[in-house]
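Tertiary structure, described
The lines below spell out each chain.
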Amino acid sequence: MSRLVVVSNRLADPRKTAAGGLAVALAEVLSNTGGLWFGWSGKIVEAADGGVAGEGAMHTQQAGPVKLVTVDLSREDHNSFYLGYSNGVLWPVFHYRLDLADFDAGYIAGYRRVNQLFARKLAPMLREDDIIWIHDYHLIPLAAELRALGCNQRIGFFLHIPLPPPLILAAIPGHDWLIRALFAYDVVGFQSKSDHSHFCEYVQTEAHAQNLGEGRWRAFNRTVQAGAFPIGIDVDEFNTLTEAPEGREMYERMKREYSRRKLLVGVDRLDYSKGLPQRMRAFRELLARNPETHNSATLIQIASPSREDVSAYSDILHELESLCGSINGNFGELDWMPVRYMHRTVARARLPGLYRASSVALVTPLRDGMNLVAKEFIASQNPENPGVLVLSRFAGAAEQLPEALLVNPYDTEGTASSINMALQMPLEERRERYEALMKTIRRYDVHWWCDTFLDTLAKAKAEETGTPWLRL
Ligand code: ADQ
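Small disclaimer: the values here were computed from a predicted structure and weren't measured.

Mapped onto the fold, G227 is located in strand β10 (residues 222-228). Sequence separation between G227 and F453 is 226 residues, and the spatial gap between their C-alpha atoms is 9.3 Å. Residues in contact with G227, not counting those within four places in the same chain, are V188, G189, F190 and H196.

This brings us to the sheet that holds strand β13 (residues 339-342). One open sheet accounts for six strands, arranged β13-β12-β11-β14-β15-β16; its pairing is parallel. Only two strands of the sheet have a single neighbouring strand rather than two, namely β13 and β16 (405-407). Geometrically, the sheet is characterised by an average inter-axis angle of 20° between neighbouring strands, direction not taken into account. Where strand β14 (residues 360-363) meets strand β15 (residues 388-392), four bridges bridge the pair, whose relative direction is parallel. Residue pairing across strands places V360 opposite V388, the latter belonging to β15.

Close to the ligand lie 23 residues; H160, D368, M370, L372 and E376 are nearest. In the environment of the ligand, an oxygen atom lies 2.9 Å from a nitrogen or oxygen atom belonging to the side chain of R269. A distance of 2.9 Å is found between a nitrogen atom of the ligand and a backbone nitrogen or oxygen belonging to V346. Protein chains bury 86% of the 710 Å² of accessible surface belonging to the ligand in isolation. Looking at the shell around the ligand, the elements with two or more residues in it are β11 (262-269), β12 (297-304), α12 (351-357) and α13 (372-379). Counting residues domain by domain, the shell around the ligand receives three or more from each of domain 1 (4-232 + 448-459) and domain 2 (235-442).

A few words on the nonpolar core. In this structure, V7, F94, I134, I140, L146 and F199 are the most contacted members of the largest nonpolar core, which totals 100 residues. Taken domain by domain, the makeup of this core includes at least three residues from each of domain 1 (4-232 + 448-459) and domain 2 (235-442). Those residues in contact with L146 that sit more than four places away from it in its chain are A119, L122, A123, L126, I134, C151 and I155. Counting residues in hydrophobic clusters, the runner-up holds 60 residues, among them M254, F377, A395 and I441.

Here helix α3 (residues 105-122) contains 18 residues, and its C-alpha end-to-end distance of 27 Å stays within 8% of the 26 Å for a straight helix at 1.5 Å per residue. Along α3, the residues classified as buried are Y107, G110, Y111, V114, N115, L117, F118, A119, K121 and L122. The backbone nitrogen of G106 has a side-chain oxygen 2.7 Å away, supplied by the residue at the start of α3, namely D104.

Strand order across the open sheet formed by 10 strands is β3-β4-β2-β1-β5-β6-β7-β10-β9-β8, with mixed pairing between neighbours. Both outer strands of the open sheet, β3 (58-63) and β8 (210-213), are each paired with one neighbouring strand and no more. Across the sheet, the mean angle separating the axes of adjacent strands is 25° when strand polarity is ignored. Here strand β1 (residues 4-7) pairs with strand β5 (residues 131-135) via four bridges, running parallel. Opposite V7, over in β5, you have I134 as the bridge partner.

We now examine the packing of aromatic side chains. Both the distance between ring centres and the angle between the ring planes are used here to describe each pair of aromatic rings. Under the criterion given, the structure shown has 20 aromatic pairs. Ring plane angle 65° and centroid distance 5.1 Å describe the contact between F229 and F453, whose orientation is recorded as edge-to-face. Within this pair, whereas F229 is found in the loop between β10 and α8 (235-243), its partner F453 is found in helix α17 (residues 446-459), the two being separated by 224 residues in sequence. By the burial criterion, F229 is buried, and F453 matches it. Following the ring pairs from residue to residue traces out a cluster consisting of W133, F158, F229, W449 and F453. The cationic tip of R180 hangs over the ring face of F220; the distance from NZ or CZ to the ring centre is 5.8 Å. Sitting over the ring of Y96, R367 keeps its end group 3.6 Å from the ring centre.

For the protein, the assigned domains are domain 1 (4-232 + 448-459) and domain 2 (235-442). Here the C-alpha centroids of domain 1 and domain 2 sit 31 Å apart. At the interface, 27 residues of domain 1 touch 20 residues of domain 2. When domain 1 packs against domain 2, close to 1,800 Å² is buried across both sides, 61% of that on carbon and sulfur atoms. Applying the counting criterion to the domain 1 and domain 2 interface returns zero salt bridges. Joining domain 1 to domain 2, the criterion identifies five residue pairs in polar contact (both at pLDDT 80 or more). Listed by contribution, the elements that provide at least two residues to the side of domain 1 that touches domain 2 are α1 (21-33), α2 (75-94) and α7 (193-205). Considering every element that reaches the side of domain 1 that touches domain 2, the biggest residue donor is α2, with six residues.

With that out of the way, let us pick up the packing of α13 against helix α16 (residues 427-443). At a closest axis distance of 10 Å, the pairing of α13 and α16 adopts a crossing angle of 120°. Judged by the twist between their axes, the crossing of α13 over α16 is left-handed. Here K375, I378 and A379 of α13 lie close against α16, whose contacting residues are Y434, L437, M438 and I441. For the contact of α13 with α16, the per-class residue count stands at six nonpolar, no polar and one charged.

Before going further, it helps to spend a moment on the side chain of R279. Structurally, R279 is set in helix α10 (residues 276-289). Relative accessible area serves as the criterion here: at 2%, R279 is assigned to the buried category. Within the structure, R279 has its side chain in polar contact with the backbone oxygen of L362 (distance 3.3 Å). For R279, the contacting residues outside a window of four places in its chain are G266, V267, D268, K274, Q301, L362, V363 and T364.

Next up on the list: the pattern of salt bridges. Applying the stated criterion across every chain, the model contains 23 salt bridges. The partner of R113 in a salt bridge is D77, with the nearest N and O atoms 2.7 Å apart. In this pair, R113 is assigned in helix α3 and D77 in helix α2, connecting sequence segments 36 residues apart. A relative accessible area of 23% means that R113 is categorised as partly exposed. Between R222 and D186 there is a salt bridge, with its nearest N and O atoms 3.3 Å apart. Remark: D186 occurs in the loop between α6 (175-182) and β7 (187-190) and R222 occurs in strand β10; sequence separation between them is 36 residues. Just as R222 is buried, D186 falls in that class too.

Rules behind the numbers
- Residues numbered from 1 in each chain as written.
- Predicted model: local features only at pLDDT ≥ 70, side-chain atom pairs only at ≥ 80, totals over all residues.
- Heavy atoms only, no water.
- Helix = DSSP H or I, 4+ residues; strand = E, 2+ residues; numbered from the N terminus.
- Contact = heavy atoms within 4.5 Å.
- Pairing = 2+ DSSP bridges.
- Axes fitted to C-alpha atoms, helices over the stretch in contact; angles between N-to-C directions.
- Near = heavy atom within 4 Å.
- Polar contact = N/O pair within 3.5 Å; in protein donor to acceptor, adjacent residues only side chain to side chain.
- Areas by Shrake-Rupley, 256 points an atom, 1.4 Å probe, with all protein chains shown as cover.
- Domains from an automatic or database assignment.
- Core = buried A, V, L, I, M, F, W, Y, C linked by side-chain atoms within 4.5 Å.
- Buried < 20%, exposed > 50% of the residue type's maximum accessible area, 1.4 Å probe, protein only.
- Expected span 1.5 Å × (residues − 1).
- Phe/Tyr/Trp six-rings, centres within 6.5 Å; stacked < 30°, edge-to-face > 60°.
- Lys NZ or Arg CZ within 6 Å of the ring centre and 35° of its normal.
- Buried area = accessible area lost by both parts, 1.4 Å probe.
- Salt bridge = Lys/Arg side-chain N within 4 Å of Asp/Glu carboxyl O.
- Left-handed = near helix turned anticlockwise from the far one by under 90°.
- Nonpolar A, V, L, I, M, F, W, Y, C, P; charged D, E, K, R; others polar.

Laid out in structure tokens, this is it:
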């Protein structure tokens, strides 16, 4: 049996259960097959400690049958690869935010340098029949760098964030280089059909790739299989967490605390793609237009700190704090605070209890690859009395979950009236929507995602072996 090698920018220890959907899924697959997980250690080395750009000390740890291997980055590489190109160019552009992109010419060199570093460190550890699965926008050119070092293994890539249409992609200096790099993979996976269709449009019009049918494209002397593989959650894990003591205790505490009120909940990383200010404005509109919601609805918004060293992130923090303050100042009463905003991460074991105690979840990103919170909320509900999911039509999840109340987060009034509809929804309709949503979430869970992607990769035709790969 082939060994699985997973590569992602950050790793999680598979022995720790509180790691989150993706990490749990990958950890489980890796634990079954035995395998190697490779990525950045999270450690930045200063020049004075020998942190020369393009070099990095390696760390190895055995976690059961899984070998975790990580590499340190120099300050210079971290700045240009991680803060610069990955999060200052690719993240905003892939989320359709050209206005926030910083196209500093120096970043791309750092991005390439770190991908070369990863390839150099990983290649000697690879076996001939390994299956390699590379994750996300930080590592798009990694397969090309591995191929340049003579690696002929099957390599798959999964993009966790959206892929924008060709015209937006074309704003990135070097966009053709990036997409060409995708042809070094055997399989390229996207979250949604619309991301996949953007890829097809791009390779057809910009790269003049030949359409071989059934998702296969030929260009640059390579054939790649592309498709949509929407990521899911571990539904059983969520059910277990909901029933576990910490989940129950959280549920009961919230129910006690808010016994007279309906709870709305938002759980996000504090990121401009998540539409948090727009969500607050919609909630303010709800309060302004529906006096009966005063004293009867409370929004709990938890926003975990994220990428605080990227400037666009501190701007969103201040905007959100100011909106929450003004809503509470204008609408709050001595015994009612409309918004409870917390800038922190909540322990994973407590999330299901919080979701279950809430009547409505607000998942309203301006753009999102998938959004797992939407699925976690549904999985945590009481089937007899389920809450309502208000979901942005711009989240990848909307394609799979049309039975949610779909909203346009840019439309403040429309979103406010959908939130009101969610608060008023009769039990029968809530149940019908919940059952349909739950069916999809259960069918397309995280195991389906892993199995389908890895099956596709195992079956991908290895006809390119020996073909010289066009150097980047
Ligand atoms: P993210 O942008 O991080 O992921 P999301 O899919 O919502 O977005 O996943 C976040 C995870 O972190 C969830 O499991 C959630 O429970 C947890 N989380 C978020 N805020 C938290 C908080 N304050 N406290 C505790 N836990 C919190 C990227 C893409 C998404 C895609 C995923 C997976 O941007 O579109 O769905 O990868 O592919």
